[in-house]
Amino acid sequence: MATPILTIVVPCYNEEEVLPETVFRLSGVLDALISDKLVASTSTMLLVDDGSKDATWSLIERFHASNTFVTGLKLARNAGHQSALLAGLMQAKTYSDCVVSIDADLQDDTDAIREFVVKFREGYDIVYGIRQDRSADTFFKRATAQGFYKMMTSLGVKIHYNHADFRLMSKRTLDNLEKFQEVNLFLRGMVPLLGFPSTQVYYDRKERFAGESKYPLRKMLAFAFDGITSFSVTPIRFVTLMGFVLFLLSVVAGVYAIIGKLLGANVTGWTSLVLSVWFIGGVQLLALGLIGEYIGKIYKEVKQRPLFVIEKALKGSAQEQDEIQVTPPSIPAASNRR
């Protein structure tokens, strides 16, 4: 096959502490891949600033000026990790043959990207990075993450165990991913739905190089709940089942009460009555909340608001060459404007 153009997409949110090391390592990866003729010399990395409040964008501009591998995308506001990642993927697919997504914290092994590219050249459209060793994570994070994957699988969601958003996707995969017009994004559940030839690459997860995690417990729980309610109706079916079971129990209790009345053995039980009322009331509120969550997702989908707004874009040679081909003669070519 022809030497493919690779773009490494890195969503960034307040990553000024780790970004210099991230750019250094990914530049080394790209340089080695180009030297070995595994990817084209126009391959780049795309750093997506997700509305950072620190100096992340200033660093991206500085690296872009001094490092030919670095391109950038600045979102007008904080759109969230999944939206920022999607923005980068959609931008990169226009000039790339394959795209690798990786977080800026360097917990995912950058050296595995080489094997991603090798698998792509073998004919795979999707290559999933699978964490085989998570000893660098805390016990709580490791246990909750693995519990989440198992729960998603049990709910019927097609998801790869111990896979986050470290993956390679081909251009045709991204072209088809663009057809998914979902507002409630859960990319690690959406990508397997595409059905293109895929494989897995295993690596050891590392400790965060610098900075703080952007996924505290609150965000982790919200992300997990979004994934569950976006890809499975099992929870709402469980509510239906629970309602049916409670109905059967109420029938049994009614029959028992009638028999007791006929036999004259009724004993008033204030405690049991109060407990049953509180229990049924709690179940009803839980059911209403769950139904409301699904309705809320429908509400977001029908509005069809844009997932992200791009404020600035720092382009590289591959994008500029593409501009030169489509720019009318009366407009200066992009390469002359840098």
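Coordinates for the structure precede this section.
Report follows, based on the coordinates. Keep in mind the model is a prediction, meaning the values are calculated, not measured.

Criteria and thresholds
- Residues numbered from 1 in each chain as written.
- Predicted model: local features only at pLDDT ≥ 70, side-chain atom pairs only at ≥ 80, totals over all residues.
- Heavy atoms only, no water.
- Helix = DSSP H or I, 4+ residues; strand = E, 2+ residues; numbered from the N terminus.
- Expected span 1.5 Å × (residues − 1).
- Buried < 20%, exposed > 50% of the residue type's maximum accessible area, 1.4 Å probe, protein only.
- Arc of directions from axis to C-beta.
- Contact = heavy atoms within 4.5 Å.
- Salt bridge = Lys/Arg side-chain N within 4 Å of Asp/Glu carboxyl O.
- Axes fitted to C-alpha atoms, helices over the stretch in contact; angles between N-to-C directions.
- Left-handed = near helix turned anticlockwise from the far one by under 90°.
- Nonpolar A, V, L, I, M, F, W, Y, C, P; charged D, E, K, R; others polar.

**Things to note about helix H3 (residues 81-92)**
Spacing of three or four residues puts side chains on the same side of an α-helix, whose turn is 3.6 residues.
Next, step 1: Over its twelve residues, H3 extends 16 Å from the first C-alpha to the last, a length consistent with the 16 Å expected when each residue adds 1.5 Å.
Next, step 2: Counting buried positions along H3 gives eleven out of twelve residues, so the element sits mostly inside the fold.
Next, step 3: Along H3, the residues that are buried comprise His 81, Gln 82, Ser 83, Ala 84, Leu 85, Leu 86, Ala 87, Gly 88, Leu 89, Met 90 and Ala 92.

**What to know about helix H2 (residues 56-66)**
Next, step 1: Among the residues making up H2, those that are buried are Thr 56, Trp 57, Leu 59, Ile 60, Phe 63 and His 64. Down the axis of H2, the smallest arc covering the buried residues is 155 degrees, so these residues share one side. Those residues of H2 that are exposed and angled more than 90 degrees off the buried face are Arg 62, Ala 65 and Ser 66.
Next, step 2: If you follow the buried residues of H2, they end up packed against strand S1 (6-12), helix H1 (19-35), strand S2 (44-49), strand S3 (70-75) and strand S8 (310-314).

**With respect to the pattern of salt bridges**
Next, step 1: The tally for this structure, following the rule as stated, stands at eleven salt bridges.
Next, step 2: Across the pair Lys 93 and Asp 175 runs a salt bridge, and its minimum N-O distance is 3.1 Å. A residue pair is termed long-range when its members are at least 10 positions apart, and Lys 93 in the loop between H3 and strand S4 (98-101) and Asp 175 in helix H6 (residues 171-177) qualify at 82 residues.
Next, step 3: You can call Asp 175 partly exposed: its relative accessible area is 29%.
Next, step 4: Where Asp 108 meets Arg 205, a salt bridge forms, and the shortest distance between an N and an O atom there is 3.7 Å. Taken together, the positions of Asp 108 in the loop between S4 and helix H4 (112-121) and Arg 205 in the loop between strand S7 (198-204) and helix H8 (217-231) put the pair 97 residues apart, joining distant regions of the chain. By the burial criterion, Asp 108 is buried, and Arg 205 matches it.
Next, step 5: Connected through shared salt-bridge partners, Lys 93, Asp 175 and Glu 178 make up one network.

**Quick word on the packing of H1 against H2**
Next, step 1: Running from amino to carboxyl end, H1 crosses H2 at an angle of 35 degrees, the nearest separation of the two axes being 10 Å. Crossing geometry of H1 relative to H2 is assigned as right-handed. Across from Leu 19, Pro 20 and Val 23 in H1, the residues of H2 making contact are Thr 56, Leu 59, Ile 60 and Phe 63.
Next, step 2: The class makeup of the residues in the contact of H1 with H2 is six nonpolar, one polar and no charged.

**Looking at unusual backbone geometry**
Next, step 1: Of note in the backbone geometry, Asn 14 takes a positive phi value of approximately 55 degrees without being a glycine.
Next, step 2: For Lys 37, which is not glycine, the phi torsion reads 60 degrees and is therefore positive.
Next, step 3: Judged by its relative accessible area of 62%, Lys 37 is exposed.

All quantities given are derived from atomic positions and should not be read as evidence of function.
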